Amino acid sequence: MTRKAVDVVIVGAGIVGAACAEAFTRAQMSVALLEKAVVGGGATAAGMGHIVVMDDSEAQFALTHYSQSLWNERAASMPREAEYEGCGTIWVASDDEEMAAVRQKNEFYRQQGVATEILDEAMLAEAEPNLRKGLSGGLLVPGDSVIYAPCATAWLMQSAVDRGATLITGVEAVKFVDGGVQLSDGSVVPARLSVNAAGSRSPELTPDAPVRPRKGHLVITDRYPHFVRHQLVELGYLKSAHGMTTDSVAFNVQPRSTGQVLVGSSRQFDQVHSAVDEPILQRMMRRALEYMPALGNLSVLRTWTGFRAATPDSLPLIGPCPGREGVYLASGHEGLGITTSLGTAQLLVDQILGKATAIPFGPYLPSRFPLEQDHA
Amino acid sequence: MPEEIALAVNGKEIRVPPGTVVAAAVNLAGESRFRISVTGEPRAPLCGMGICFECRVTIDGVRHQRSCQIFCRPQMKVETDAG
Amino acid sequence: MPAERAYEVLVIGAGPAGIAAACCASESGGHVGVLDDNPAPGGQIWRGESARPKNPEAARWLRRIRETPVSIECGAQVVSQPAPGVLFVESEGRLREIEYKKLIVATGARERFLPFPGWTLPNVMGAGGLQALVKGGLPIAGKKVVIAGTGPLLLAVGEYLHRHGARVELIAEQAPMRRLIPFGAGLLSEPAKTLQALKLKWELRSVPYVTGCWPVSAQGKGKLDTVTLRSAKKTWQQPCDYLACGFGLVPNIELASLLGCETRNGAVKVDQWQQTSVPGVYAAGEATGVGGLDLSLVEGRIAGYAAAGKTADAETLLGARGRALRFQQAMEHAFSLREELKQLPDAGSLVCRCEDVPFRKLQTHQSWRAAKLQTRCGMGPCQGRICGPAVEFLFGWQFGSVRPPIFPTSFSDAAGRREPGAGSA
């Protein structure tokens, strides 16, 4: 059976897929958005929902900065359920070496026009009284924010549907065929273009896409309003995210608008099961306790896991899929999917329509990786 | 006659028999509201067996204590959301 | 930290099933222990008995276990399983590792709550819930109480409250009389049960027992003052101080699920020896299916003997269990929930009390997971124990997978910090 033909069919209604659907409909293209399970229910639901500028590389900074500006433009029109909070981020330095890194970061952001403020030990303690004493200071980035991603995703999806997009749920995309996507019920969605936004499962449809699942753990507490006021990240977070081999944890804590405290982060490759891995969960929690001993008394309600989509250079894949006519990738966002979803969608739409992009899109082209990929 | 236990609920001193749970003491002190829900509703115990979390009060400064599962102790300071 | 001695048989739950299991397991002489999260042993049905014995059967079992070398620890909550044969248990603000060779899950059941307008008002409680609070010292003498919902529990609660001086205005049972009559007739085959029923009936002779009747709303300013009830004949308002309302019992299967035990129809699946699908893990009592006290006791005894390797002793009880299982089946049939109860909530009735999620917000979703992510239903401290059974009845959604901690626990305990005093509440 052949379903209604569209301009673009998008596989995966996570935040990236939903953002793409929304951007394509705004560009007056007809869209079909496919989701085999729950809209925004994959890594989108598992993650911390932060909208943050990250300077691990120039290209990463460019994309996060651009995408954050798009979020800022949309903030006022997001529904309450999306829980947009402009709480800012503080990168926490625990010693002089990290403080030097803070100053470097500050200088880089200053040059790029990102508002920042260096906090010394006293200022850090005042900003976040529940951090332990003896930390060297930190870098406050007030322009960062957090959202509740499943609801933001539903909002993006609904905006697309309101502009005529079709949401197809409960069936799985099996393969990209000439001129569309074949689904698990045997039907075909005919489309001029196909987008693989299936996150950590992208290689199931395009095996050459160099995406590996990277498991993360999270913990959420009961309500303790004002326990933490900003998103807090240790400087070692970048090392943990950048590293490609061993299991790692990094201190990352966030206030939710409900007053609950969300605690991360952990990274593991080659994990198949979504079951909570107690040893690494505890390692992650003990790391958090090192920075915020007062966390110890809070009540933990839930723990869960999710799989990020990781690429070899920590940059996403946005653009034509090599070797496949008409197929595009919008995947591989690792821990920055929420932040860069809007930028990804806009870059993809602009590329396809031949319009000038707001930032260079070269660094994110899938063709930067040679076709023969060794998949672990 | 077993010694009664003296404790305070929202600053009000009361005495209860041993074996009284904090939830009953809160009621004896005349409070019907234990906590305020996330949309501002008054709430009180529902399940009586420690699983609904509606009976939460602050005991000796510690939040989120399930009052139906805790026996009163001498000099306890109990505070409800109303207090 | 000194290692705690591993248990030959560790029982989780000190209700009738757990106590019976521990007593029988202990007969083989091994190191047997019981953990319970309530402040005293007895579970729900024997709550308060260990301090003030009233029920002869409860008194006998509690005396028996006190006379065995079984160690009972109350106020102890199982949090997670770090490795097979080990449990993390939180008690008195500390986390401990407890090792066992065999485990008996006797985690009992909880009441099923169905939402209706006004059900979140203070003084609307479960039926067992109100009884538990009265046992904990809540004064009930002279207070007007309406009991509603379903099940034999309503009568037991009515009798208890009446004996303690409450003015029980009526008992509203949702099941229709035509289903209750055969159930009542079935009791006649068991003299003990008939006697029990007659005693209840006598104590409650002045209390109307209205069948095919249920609450449609609760009203009051800041707390309950009136319940609106509906029966086939009429709808009326009943002023009262308390509404004790529970729609049956639901097995507590969270621990068993965490351990990987198979479940069926919301209960832990067991074989004739009360063994679950996980080797070395047994289950007994209401957690394997709500079936009443007699069934819980015999299942507990079978599990205790089986876990201790005394299959011959266990075998002698199989007949008794068979008879008790018939009562379970009769109960399930008589007190099944009627379809009209799905109409109880209105658009604004809160289904999730932890996160204040109204019925209308859930209606737009197709699955439990979608509803949970979009509305936060089930994301609160009760971890879905209150809203889960309601949502299952109203929408047919199966509750999701169980992850640690199976009960809210302190961050330092969940982090595996086991030094005493570290982060203690």
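Visitor: Which parts of the structure should I look at to understand the overall build of chain A?
Guide: On a plain count of helices and strands, chain A comes out with nine helices and 18 strands. Relative to the compact-globule value of 21 Å for 376 residues, chain A shows a C-alpha radius of gyration of 20 Å, a close match. Out of the 376 residues belonging to chain A, those deemed buried represent 55%. Taking the contacts inside chain A whose residues are at least 6 apart along the sequence as the reference set, 74% of them involve residues at least 24 apart.

Visitor: When you look at the overall build of chain C in this model, what are you seeing that I'm missing?
Guide: Scanning chain C from terminus to terminus reveals 14 helices and 22 strands. Relative to the 2.2 N^0.38 estimate, which gives 22 Å for 425 residues, the radius of gyration of chain C is 22 Å and therefore close to what a compact globule would have. Taken over 425 residues, chain C has a buried fraction of 55%. The contacts in chain C between residues at least 6 apart in sequence include a share of 65% that link residues at least 24 apart.

Visitor: Mind showing me how you'd approach the sheet that holds strand 14 (residues 235–239) of chain C here?
Guide: The pairing of strands in a sheet happens through backbone hydrogen bonds and is either parallel or antiparallel. All names here are of chain C. The three strands are arranged 12-13-14 in an open sheet whose pairing can be described as antiparallel. Edge positions in the open sheet fall to strand 12 (214–219) and strand 14, since each of these has one partner strand only. Averaged over all pairs of adjacent strands, the angle between strand axes in this sheet comes to 25°, irrespective of strand direction. Pairing between strand 12 and strand 13 (residues 226–230): five bridges, direction antiparallel. Residue Pro215 lies in a different strand from strand 13, and its bridge partner there is Leu229.

Visitor: So what exactly am I meant to see when it comes to the confidence of the model for chain C here?
Guide: Parts of the model with low pLDDT should not have their predicted coordinates read in detail. All names here are of chain C. Scored by pLDDT, chain C comes out at a mean of 93, with 97% of its residues at no less than 70. When the criterion is pLDDT under 50, residues 419–425 qualifies, and its contacts beyond four places in sequence or with other chains add up to 16 contacts. Per the prediction output, this complex has pTM 0.92; the corresponding ipTM is 0.96.

Visitor: How do you make sense of the interface of chain A and chain C when you look at a structure like this?
Guide: Interfaces are often described in size by the accessible area the parts lose on coming together. With 25 residues of chain A at the interface, the matching set in chain C holds 25 residues. Taken together, the elements giving at least two residues each to the side of chain A that touches chain C come down to helix 6 (149–162), strand 12 (212–223), helix 8 (278–291) and strand 16 (299–310) of chain A. Per element, the largest residue contribution to the side of chain A that touches chain C is six residues, and it comes from strand 16 of chain A. Split by residue class, the side of chain A that touches chain C holds 13 nonpolar, eight polar and four charged. Of the pairings in the sheet, the one linking strand 16 of chain A to strand 22 (residues 409–410) of chain C comprises two bridges and is antiparallel in character. Residue pairing for strand 22 of chain C: A:Ser299 is matched across the bridge by C:Ser410.

Visitor: I keep staring at the domain arrangement of chain C and nothing clicks. Help me out?
Guide: According to the domain assignment, chain C consists of domain 1 (7–110 + 250–331), domain 2 (113–247) and domain 3 (345–395). Inter-centroid distance (C-alpha atoms) of domain 1 of chain C to domain 3 of chain C is 31 Å.

Visitor: So what exactly am I meant to see when it comes to the environment of C:Arg178 here?
Guide: Inspection of the secondary structure assignment puts C:Arg178 in helix 5 (residues 177–187). Taking the C-alpha atoms as reference, C:Arg178 lies 47 Å from C:Thr68; in sequence the two are 110 residues apart.

Visitor: Got a minute to help me understand the domain arrangement of chain A in this structure?
Guide: All names here are of chain A. Domain annotation for chain A reports domain 1 (6–46 + 149–211 + 313–368) and domain 2 (86–144 + 212–308). Taking only C-alpha atoms, the centre of domain 1 and the centre of domain 2 are 29 Å apart. Contact with domain 1, which involves seven residues of that partner, is made by 12 residues of domain 2. Its residues assigned to classes, the side of domain 1 that touches domain 2 comprises three nonpolar, three polar and one charged.

Visitor: How do you make sense of the packing of helix 3 (residues 127–135) of chain C against helix 4 (residues 152–163) of chain C when you look at a structure like this?
Guide: Packed helix pairs are specified by the crossing angle of their axes together with the interaxial distance, meaning the distance between the axes. Residue and element names in this part refer to chain C. For the pair helix 3 and helix 4, the least separation of the axes is 9 Å and the interaxial angle reads 30°. One way to sum up the angle between helix 3 and helix 4 is to call them roughly parallel. As helix 3 packs across helix 4, the resulting crossing turns out to be left-handed. Mapping the contact onto sequence places Ala127, Gly128, Leu130, Gln131 and Val134 in helix 3 and Leu153, Leu154, Val157, Tyr160 and Leu161 in helix 4. The class makeup of the residues in the contact of helix 3 with helix 4 is eight nonpolar, two polar and no charged.

Visitor: What should I look at first to understand the pairing of strand 1 (residues 5–9) of chain B in this one?
Guide: The two faces of the sheet receive side chains in turn, since in a regular strand these alternate between them. Residue and element names in this part refer to chain B. One ladder, built from five bridges, connects strand 1 with strand 2 (residues 12–16); its direction is antiparallel. Counterpart to Ile5 in the pairing with strand 2 is Val16. In textbook terms, the turn of a hairpin is the stretch between consecutive antiparallel strands, and for strand 1 and strand 2 this stretch comprises two residues, one of which, Asn10, has a positive phi near 50°. In this sheet, strand 7 (residues 77–79) lies alongside strand 1 in parallel orientation, the contact comprising two bridges. Within the sheet, the bridge partner assigned to Val9 lies in strand 7 and is Val78.

Visitor: Just checking my understanding: could you explain the sheet that holds strand 14 (residues 248–255) of chain A for this structure?
Guide: Across the sheet, nine strands lie side by side as 5(A)-6(A)-4(A)-13(A)-14(A)-15(A)-12(A)-16(A)-22(C); this open sheet has mixed pairing. Bordering the open sheet on either side are strand 5 (117–120) of chain A together with strand 22 of chain C, each of which pairs with just one other strand. Here strand 4 (residues 89–93) of chain A runs beside strand 6 (residues 137–141) of chain A; their pairing, made up of five bridges, is antiparallel. Looking at the pairing, A:Thr89 lines up with A:Val141 of strand 6 of chain A. Helix 8 of chain A rests against strand 4, strand 12, strand 13 (231–234), strand 14, strand 15 (260–269) and strand 16 of chain A of the sheet, and its axis sits at about 60° to strand 14 of chain A.

Visitor: Any chance you could explain the nonpolar core here in plain terms?
Guide: Within soluble globular proteins, side chains that are nonpolar generally end up buried alongside one another. Counting 287 residues, the largest nonpolar core has A:Cys20 and C:Val105 as the members making the most contacts within it. A total of nine residues in this core trace back to one element, the largest contributor, which is helix 8 (residues 293–307) of chain C. Residues contacting A:Cys20, with those up to four places away along its chain left out, are A:Ile10, A:Val195, A:Ala197, A:Ala330, A:Ala345 and A:Leu348.

Visitor: I would appreciate a short explanation of unusual backbone geometry in the present structure.
Guide: Only a minority of non-glycine residues have a phi that is not negative, and only a minority of peptide bonds are not trans. For the peptide bond that leads from A:Gly264 to A:Ser265, omega is 0°, which places it in the cis range. Turning to its location among the elements, A:Ser265 is positioned in strand 15. The omega torsion of the bond from C:Pro404 to C:Pro405 falls at -5°, within 30 degrees of zero and hence cis. Checked against the element boundaries, C:Pro405 lands in the loop between helix 13 (387–395) and strand 22. The backbone of A:Ser314 sits at a positive phi, close to 65°, despite the residue not being glycine. Among the secondary structure elements, A:Ser314 is positioned in the loop between strand 16 and strand 17 (317–320).

Visitor: Can you walk me through the interface of chain B and chain C in this structure?
Guide: Counting residues at the interface gives 33 residues for chain B and 32 residues for chain C. Among the secondary structure elements, those contributing two or more residues to the side of chain B that touches chain C are helix 1 (22–28) and strand 4 (42–43) of chain B. Among the elements that make up the side of chain B that touches chain C, the one with the highest residue count is helix 1 of chain B (four residues). Classifying every residue of the side of chain B that touches chain C by side-chain character gives 20 nonpolar, nine polar and four charged.

Cut-offs applied
Residues numbered from 1 in each chain as written. Chains lettered and ligands numbered in written order. Predicted model: local features only at pLDDT ≥ 70, side-chain atom pairs only at ≥ 80, totals over all residues. Helix = DSSP H or I, 4+ residues; strand = E, 2+ residues; numbered from the N terminus. Rg over C-alpha atoms; globule rule 2.2 N^0.38 Å. Buried ≥ 20, exposed ≤ 12 C-beta atoms within 10 Å, placed from the backbone. Contact = placed C-beta atoms within 7 Å. Pairing = 2+ DSSP bridges. Axes fitted to C-alpha atoms, helices over the stretch in contact; angles between N-to-C directions. pLDDT = per-residue confidence, 0-100. Nonpolar A, V, L, I, M, F, W, Y, C, P; charged D, E, K, R; others polar. Domains from an automatic or database assignment. Parallel < 35°, antiparallel > 145°, perpendicular 65-115°, else oblique. Left-handed = near helix turned anticlockwise from the far one by under 90°. Core = buried A, V, L, I, M, F, W, Y, C linked by C-beta atoms within 7 Å.

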